[in-house]
Amino acid sequence: MSAAADDLWRIRRMRPRDIDAVVAIERSAYDFPWSERIFRDCLRVGYRAWVVDRPGLEVAGYALASIAVGEAHLLNLCVAPVARGHGASSRLLEAVIAQASHERAGELFLEVRPSNKPARRLYARYGFQTRGRRPNYYPNRRGREDALLLSKVLPI
Ligand SMILES: CC(C)(COP(=O)(O)OP(=O)(O)OC[C@H]1O[C@@H](n2cnc3c(N)ncnc32)[C@H](O)[C@@H]1OP(=O)(O)O)[C@@H](O)C(=O)NCCC(=O)NCCS
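Everything quoted here is computed from the prediction, not taken from an experiment. (Residues numbered from 1 in each chain as written. Predicted model: local features only at pLDDT ≥ 70, side-chain atom pairs only at ≥ 80, totals over all residues. Heavy atoms only, no water.)

Right, let's talk about the sheet that holds strand β3 (residues 57–68) for a bit. The seven strands are arranged β1-β2-β3-β4-β5-β7-β6 in an open sheet whose pairing can be described as mixed. The outermost strands of the open sheet, each flanked by one partner alone, are β1 (10–13) and β6 (129–140). The sheet shows a mean angle of 25 degrees between the axes of neighbouring strands, taken without regard to direction. With six bridges joining them, strand β2 (residues 48–54) and β3 adopt antiparallel strand pairing. Each residue of the ladder has a partner; that of Ala-49, found in β3, is Leu-64. Across the sheet, helix α3 (residues 88–102) lies against β1, β2, β3, β4 (71–79), β5 (107–112) and β7 (143–153), angled at about 165 degrees from β4, the strand it touches most. (Pairing = 2+ DSSP bridges. Helix = DSSP H or I, 4+ residues; strand = E, 2+ residues; numbered from the N terminus. Axes fitted to C-alpha atoms, helices over the stretch in contact; angles between N-to-C directions. Contact = heavy atoms within 4.5 Å.)

Have a look at this one:
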């Protein structure tokens, strides 16, 4: 993918027919992926969900967030390995931030593995700050791993 291609990402709402492609990316990206059922339930209960695509790559990544009572929580954000390094994650995160602000959420929270350097760099670039640590939050191959709790105060 060329640098100029970074401008071709399009953001749209996730639809049920995107879920097969989303689950394929999820399985390629995580040791402990969400099931298809979890994605379907997220859409059913009305969580906000987006996919990013471009000509020739129907689903390149996705993000899901819950937004309610003045707070937003980023539940999942993932870009297909073949599409990384070209700004797709930024487009997704910007969509989440814009929607959370639009729905008057004052703060956007997320969890991230301390070892996940690409994700931490992404969130740092958007001004997220570490608020705490959740012990044994994630499963990993050796047992459990802590999560860092990050948040960004949103303009409302
Ligand atoms: C995290 C993720 C969404 C980033 O997607 P992306 O579209 O490739 O994002 P970017 O190209 O903007 O890269 C993000 C940053 O990580 C850096 N990066 C990329 N690979 C890296 C690596 N192996 N080590 C350290 N930093 C790395 C990039 O240089 C960039 O930093 P910069 O903003 O200072 O330039 C993607 O790696 C992913 O889907 N990972 C698996 C799922 C995941 O971990 N999601 C986050 C859960 S909290």
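All right, on to the side chain of Glu-145 then. Looking at the element boundaries, Glu-145 is found in strand β7. Polar side-chain contacts of Glu-145 include one of 2.7 Å to the side chain of Arg-113. One polar contact links Glu-145 to Ser-115, side chain to side chain, over a distance of 3.0 Å. When near neighbours in sequence (up to four residues on either side) are disregarded, Glu-145 contacts Arg-113, Pro-114, Ser-115, Asn-136, Tyr-137, Tyr-138 and Asn-140. (Polar contact = N/O pair within 3.5 Å; in protein donor to acceptor, adjacent residues only side chain to side chain.)

Moving on to unusual backbone geometry. Here the phi dihedral of Val-69 falls at roughly 35 degrees; this positive angle occurs in a residue that is not glycine. Checked against the element boundaries, Val-69 lands in the loop between β3 and β4. Not every positive phi belongs to a glycine, and Arg-104 is a case in point at roughly 65 degrees. With respect to the secondary-structure elements, Arg-104 resides in the loop between α3 and β5. By relative accessible area, Arg-104 is classed as exposed at 55%. (Buried < 20%, exposed > 50% of the residue type's maximum accessible area, 1.4 Å probe, protein only.)

Turning next to the site of the ligand. Taken together, the neighbourhood of the ligand is formed by 18 residues, with Leu-77, Ser-89, Asn-116, Arg-121 and Arg-125 sitting nearest. One of the backbone nitrogen or oxygen atoms of Gly-85 is found 2.8 Å away from an oxygen atom of the ligand. One of the side-chain N or O atoms of Ser-89 is found 2.7 Å from an oxygen atom in the ligand. Considering every element that reaches the shell around the ligand, the biggest residue donor is helix α4 (residues 117–125), with six residues. Of the residues that constitute the shell around the ligand, the class distribution is nine nonpolar, four polar and five charged. (Near = heavy atom within 4 Å. Nonpolar A, V, L, I, M, F, W, Y, C, P; charged D, E, K, R; others polar.)

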